[in-house]
Structures are given as structure tokens and as C-alpha cells.
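# Close look at the chain arrangement
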Amino acid sequence: MTKKIIVAIDGYSSCGKSSMARTLARAVDYIYVDTGAMYRGVTLYALRHGFIRKGVIQETELRAALSDVSLSFRSSHEGATPELHLNGENVEKEIRTMEVASFVSPIAALGFVREYLTAQQQAFGAEGGIVMDGRDIGTAVFPQAELKVFVTADPEIRAARRLAELRSKGDEQITLEEVLENLRQRDYIDTHREVAPLRQAEDARILDNSHLTLEEQDALLRSYFEEALAQA
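Computed from a prediction, not measured in an experiment: that's the story for all the values here.

A few words now on the packing of helix α2 (residues 35-48) against helix α5 (residues 111-124). In contact at an axis separation of 11 Å, α2 and α5 are set at 140° when each is read in the N-to-C sense. Taken as axis vectors, α2 and α5 run oblique relative to one another. The element α2 and its partner α5 pack so that their crossing is right-handed. Along its contact with α2, which presents Thr 35, Met 38, Tyr 39 and Val 42, the element α5 presents Val 113, Arg 114, Leu 117, Thr 118, Gln 120, Gln 121 and Phe 124.

The subject of this paragraph is the sheet that holds strand β2 (residues 31-34). Strand order in this open sheet of five strands is β2-β8-β1-β9-β10, and the pairing throughout is parallel. One side of each edge strand has no neighbouring strand; the edge strands of this open sheet are β2 and β10 (205-208). Recorded for the sheet is a direction-independent mean angle of 20° between the axes of neighbouring strands. Here β2 pairs with strand β8 (residues 130-134) via four bridges, running parallel. Paired with Tyr 32 across the bridge in β8 is Val 131. The strands touched by helix α1 (residues 17-28) within the sheet are β1 (6-11), β2, β8, β9 (147-152) and β10, with β8 carrying the most contacts at an inclination of about 180°.

In this section: the environment of Lys 3. Checked against the element boundaries, Lys 3 lands in the segment before β1. The partly exposed category is assigned to Lys 3, whose relative accessible area is 43%. Filtering out sequence-adjacent residues up to four positions away, Lys 3 remains in contact with Tyr 30, Glu 146, Leu 229 and Ala 232.

What follows covers the pattern of salt bridges. Opposite charge on two side chains allows them to pair when their charged atoms are near. Considering all chains together, one arrives at 16 salt bridges under this definition. Between Arg 96 and Asp 34 there is a salt bridge, with the nearest N and O atoms lying 3.1 Å from each other. Of the two residues, Arg 96 sits in the loop between β7 (89-90) and α4 (98-108) while Asp 34 sits in strand β2, which places them 62 residues apart along the sequence. For the pair Arg 96 and Asp 34, one class covers both residues: buried. The partner of Arg 53 in a salt bridge is Glu 61, and the shortest N-O contact between them spans 2.9 Å. You can call Glu 61 partly exposed: its relative accessible area is 32%.

In this section: the nonpolar core. Core analysis: the biggest nonpolar cluster contains 37 residues, and Val 42, Leu 62, Leu 71, Ile 107 and Val 113 have the highest contact counts within it. Among the secondary structure elements, those contributing two or more residues to this core are β1, α2, α3 (59-65), β6 (83-86), α4, α5, β8 and α6 (137-141). Among the elements that take part in this core, α2 stands out by supplying seven residues, more than any other. Residues contacting Val 42, with those up to four places away along its chain left out, are Leu 62, Leu 66, Val 69, Leu 71, Ile 107, Val 113 and Leu 117. Listed in part, the 21 residues of the second largest apolar core include Ile 5, Leu 24, Val 131 and Phe 225.

What counts, and at which threshold
- Residues numbered from 1 in each chain as written.
- Predicted model: local features only at pLDDT ≥ 70, side-chain atom pairs only at ≥ 80, totals over all residues.
- Heavy atoms only, no water.
- Axes fitted to C-alpha atoms, helices over the stretch in contact; angles between N-to-C directions.
- Helix = DSSP H or I, 4+ residues; strand = E, 2+ residues; numbered from the N terminus.
- Parallel < 35°, antiparallel > 145°, perpendicular 65-115°, else oblique.
- Left-handed = near helix turned anticlockwise from the far one by under 90°.
- Contact = heavy atoms within 4.5 Å.
- Pairing = 2+ DSSP bridges.
- Buried < 20%, exposed > 50% of the residue type's maximum accessible area, 1.4 Å probe, protein only.
- Salt bridge = Lys/Arg side-chain N within 4 Å of Asp/Glu carboxyl O.
- Core = buried A, V, L, I, M, F, W, Y, C linked by side-chain atoms within 4.5 Å.

Rendered as C-alpha cells:
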């Protein structure tokens, strides 16, 4: 039986990590887990329950309530992309708002949140055959992953892509400058947090998709996968 490996994809926000990870997982019949969605789910829970007041996270209250947060990925039909469910509710649309984006990095910087979600993520991939993307997959969640990829792109290009995504979802108010500033803030928090900061694993392959088409980046990632699988 063919060995199934762990694919860990890390990188900056709005680099297209999730899209390429989903595409690869579908192509090779692996399980896909979007860890960024999990942190967004906790952020949405915190917002809904008043644990973020006047821009300040109420850490004690969130910590006490965290055990009540149930996150799962479910597909609406066979072949569909799994979507995040928060305590049984499909919240895929709600977690993609700018309000959630504004607080997800500070939430993700909290050690107790990372510990809680890292344990779940490790359980998801215990048997291999998984493609997981996030900020610390190759460094903290699965340092033993057979394939580690670090995705990057120019900030201005990332902002333009993110703006196009928001426009497609009906947000006509946000400006390119606001999106770019949000990305820069998230980059800073992600790379400077005390617990499991965003960084490139020493043995990670770098994939800069600033000037690649979707087809080109997917083909490059697939080639990395085939090489890692052959060496496993």
C-alpha cells in the first residue's frame, strides 16, 4: 500500500495557501484541513460572546469558555470543499469578514488558544494522508512532516487578491489601502508573537507565487509532493 505523507503548508495571509492546499488534497485524495479557518472560528465565537470589548480580548473569559468551542469540517455534498462548522453551524461565510480578519491574529497569538487547536490539528493528521495549511504547521504542529512548503508573495499583490475576493463577496466599501494595512498588521503579529510565530522551517520548500498563475503554482506544489512521496 502506498505510504501517505503529511503535507504542511505555511506562509503569509492572502498568499493563496488554502486554495492550493485544497487543490492538492483533492488531486491526491488526501484530507484537507484549513487551520486558519479554525482560528477564525474561535475569533468569531469570541466576537459573538462579547469576549472582545472595545478592541480588547478578554483572555480570562475566553480561556474559560474555550472548551465549549466545537470546530469541525463538513462537506455539503460529495466532492464539495469541507466548510467550517462552529458548534454545528456552518460559519464559512461569517469567518471571512474583515471584522474577523481584524482580530484573528491577536486571538491566534494567545498561547492557550494555540495549544487547544494544535492538539486538534495533530489528531486530524495522526494517520498521515493530510494536507494542512496555516502559520506553524511545519514548525509546531507537524515538524515531522515529509513535505513542508512556505508560501510567500509581494504584499501589494496579496492585498489586491484579497480585495478582489472581498469584492466578489459584495464588500464595496473596503479600500485597497485598508486591506494592505490589515495584511501588514497581521504579518507583524504573526511573525512576532511569543508562541509558535510564523517562520520558515529550515527544511521547507519556498513557493513564491507573486507572478505565477493558479495552474503554475498548483503544478509546482504537485511536483514538490511527488518528490516528497518518492523519498518517503
